[in-house]
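For reference, the chains in residue letters:
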Amino acid sequence: DGDGDGDSSSNDNNNNSAVKSLHEGEQLLILIDGTWAEARRMIMQSKRLMASCQQIQFTADYNSIYDVVRKEPEKHCISTLEACAHALTLLEPEDVIAREAKRYLEGSMQFMVDTKVNVYKSRNPEPRFTRPGTKIYAKNKRRNEIKEQLFKKQKE
């Protein structure tokens with residue numbers, strides 16, 4: 001995933017030179033996919049693999065397509081599929097097939113997100129993301145209204 005840590009300008013400079021050196025030979029793109037915790041664990045348990053790979057990080061210049069259905073840990077974080085699409089165009093900026101693959105990957109992601117949102121809306125007409133305590137507040141408000149009505153009748 002596009003998890004950039006630290007100073008973005010120094011990361012960008014380092015990544016630009018790393019990407020340029022990758023253009024010189026054949027490339028193998030390895031993506032770590034899973035939840036953020038799972039991905040970190042896989043990286044920590046794959047020290048030999050990580051030592052033999054050149055790590056490239058980038059920050060997203062856009063909001064994740066997936067933000068609608070899940071909350072990323074940081075604003076610059078994007079899904080693995082989006083990271084793959086972005087990486088393809090960074091590694092192969094002049095390649096028409098890479099740009100087309102990016103378009104298809106992002107289109108597939110958008111279709112999945114739209115489908116997920118529509119299915120969720122049809123099953124649960126309430127908004128998915130509400131402020132913490134909103135539902136509890138509504139329940140308590142109704143309880144208090146009922147209590148007021150009951151005690152009002154008892155006083156009469």
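Residues numbered from 1 in each chain as written. Predicted model: local features only at pLDDT ≥ 70, side-chain atom pairs only at ≥ 80, totals over all residues. Heavy atoms only, no water.

### Considerations on the overall build of the protein
Argument step 1. Of the regular secondary structure elements, the protein holds 6 helices and 0 strands.
Argument step 2. Secondary structure elements of the protein, listed N to C terminal, follow the sequence α-α-α-α-α-α.
Argument step 3. Within the protein, the fraction of its 156 residues that count as buried is 24%.
Argument step 4. Put simply, of all contacts in the protein between residues at least 6 apart along the chain, 65% involve residues at least 24 apart.
Argument step 5. Of the roughly 12,000 Å² of accessible surface on the protein, a fraction of 54% belongs to carbon and sulfur atoms. (Helix = DSSP H or I, 4+ residues; strand = E, 2+ residues; numbered from the N terminus. Buried < 20%, exposed > 50% of the residue type's maximum accessible area, 1.4 Å probe, protein only. Contact = heavy atoms within 4.5 Å. Areas by Shrake-Rupley, 256 points an atom, 1.4 Å probe, with all protein chains shown as cover.)

### Some remarks on the packing of aromatic side chains
Argument step 1. Per the stated rule, a full pass over the model turns up 0 aromatic pairs.
Argument step 2. In this arrangement the basic side chain of Arg103 is found over the ring face of Tyr104, its NZ or CZ atom lying 5.0 Å from the centre. (Phe/Tyr/Trp six-rings, centres within 6.5 Å; stacked < 30°, edge-to-face > 60°. Lys NZ or Arg CZ within 6 Å of the ring centre and 35° of its normal.)

### Description of helix 5 (residues 96-123)
Since the α-helix packs 3.6 residues into each turn, any two residues three or four apart lie on the same face.
Argument step 1. Taking 1.5 Å per residue, 28 residues should reach 40 Å; helix 5 reaches 41 Å between its end C-alpha atoms and fits that length.
Argument step 2. Those residues of helix 5 lying buried are Ala98, Lys102, Glu106, Met109, Val113 and Val117.
Argument step 3. Looking at the buried side of helix 5, the elements it contacts are helix 4 (80-91).
Argument step 4. One side-chain oxygen of the residue at the start of helix 5 lies 2.8 Å from the amide nitrogen of Ile97, identifying that residue as Asp95. (Expected span 1.5 Å × (residues − 1). Polar contact = N/O pair within 3.5 Å; in protein donor to acceptor, adjacent residues only side chain to side chain.)

### Some thoughts on the nonpolar core
Argument step 1. Counting residues in hydrophobic clusters, the biggest one holds 6 residues: Ile65, Tyr66, Val69, Met109, Val113 and Val117.
Argument step 2. If sequence neighbours within four positions are ignored, Met109 has contacts with Ile65, Tyr66, Ser79, Leu81 and Glu82. (Core = buried A, V, L, I, M, F, W, Y, C linked by side-chain atoms within 4.5 Å.)

### Observations concerning the confidence of the model for the protein
Argument step 1. Summarising the model, the protein shows a mean pLDDT of 76, and 72% of its residues fall at 70 or more.
Argument step 2. The element-level mean pLDDT for the protein is lowest in helix 1 (residues 8-22), coming to 55, with helix 5 highest at 90. (pLDDT = per-residue confidence, 0-100.)

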